[in-house]
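Descriptive analysis of the structure
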Amino acid sequence: MEGFLTKFMRKAERDPLVPVGCGATLACLLAGLYTFHTGQAALSQKMMRARVVAQGATIVVLAVGTFGMSMAKDPANERPKGMHPIE
């Protein structure tokens, strides 16, 4: 059975920008919460807006990566010419 870290590393190699986007989202969230806690409302609002942008970018990267993987041809799944299943 594949462990969490092994699975994470395998998926991060395939789509390296997704973990970067998740990290950016988390950093913006934590910074926004910290600035809210310290009473810097204007900066907190900017950090929350940055978090939304980071989330959106992460979703776009995930969608583009998924689309790209679905369009890539896997030679293991292709049949040689003239070899069609009997239906």
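The structure under discussion appears in the preceding block.
Residues numbered from 1 in each chain as written. Predicted model: local features only at pLDDT ≥ 70, side-chain atom pairs only at ≥ 80, totals over all residues. Heavy atoms only, no water.

**Structural notes on the pattern of salt bridges**
Applying the stated rule across the entire model yields one salt bridge. For Arg10, the salt bridge identified is with Glu2, shortest N-O distance 2.9 Å. Classification of Arg10 as partly exposed rests on a relative accessible area of 38%. (Salt bridge = Lys/Arg side-chain N within 4 Å of Asp/Glu carboxyl O. Buried < 20%, exposed > 50% of the residue type's maximum accessible area, 1.4 Å probe, protein only.)

**Describing the environment of Pro19**
Take Pro19: it is sitting in helix H2 (residues 17–37). With relative accessibility at 26%, the residue Pro19 sits in the partly exposed group. C-alpha of Pro19 to C-alpha of Phe8: the two residues are eleven residues apart in sequence and 9.2 Å apart in space. Setting aside residues no more than four positions away along its own chain, Pro19 makes contact with Phe8 and Ala12. (Helix = DSSP H or I, 4+ residues; strand = E, 2+ residues; numbered from the N terminus. Contact = heavy atoms within 4.5 Å.)

**Focus on the environment of Val52**
Structurally, Val52 can be placed in helix H3 (residues 41–71). A sequence separation of 27 residues divides Val52 from Thr25, and the C-alpha atoms of the two residues are 7.6 Å apart.

**A short note on the packing of H2 against H3**
Where H2 contacts H3, the two axes come as close as 8 Å, and the packing angle between them is 165°. The angle between H2 and H3 falls in the class roughly antiparallel. Pair H2 / H3 crosses with left-handed handedness. Within the contact of H2 with H3, the residues separate by chemical class into 16 nonpolar, seven polar and one charged. (Axes fitted to C-alpha atoms, helices over the stretch in contact; angles between N-to-C directions. Parallel < 35°, antiparallel > 145°, perpendicular 65-115°, else oblique. Left-handed = near helix turned anticlockwise from the far one by under 90°. Nonpolar A, V, L, I, M, F, W, Y, C, P; charged D, E, K, R; others polar.)

**Topic: a nonpolar patch on the surface**
Together, Phe4, Leu5, Phe8 and Met9 make up an exposed nonpolar region whose accessible area comes to about 470 Å². Mapped onto the secondary structure, Phe4 falls in helix H1 (residues 4–14). The exposure class assigned to Phe4 is exposed, which follows from its relative accessible area of 70%. (Patch = residues over 30% accessible without salt bridge, like charges linked within 9 Å, V, L, I, M, F, W, Y side chains within 5 Å. Areas by Shrake-Rupley, 256 points an atom, 1.4 Å probe, with all protein chains shown as cover.)

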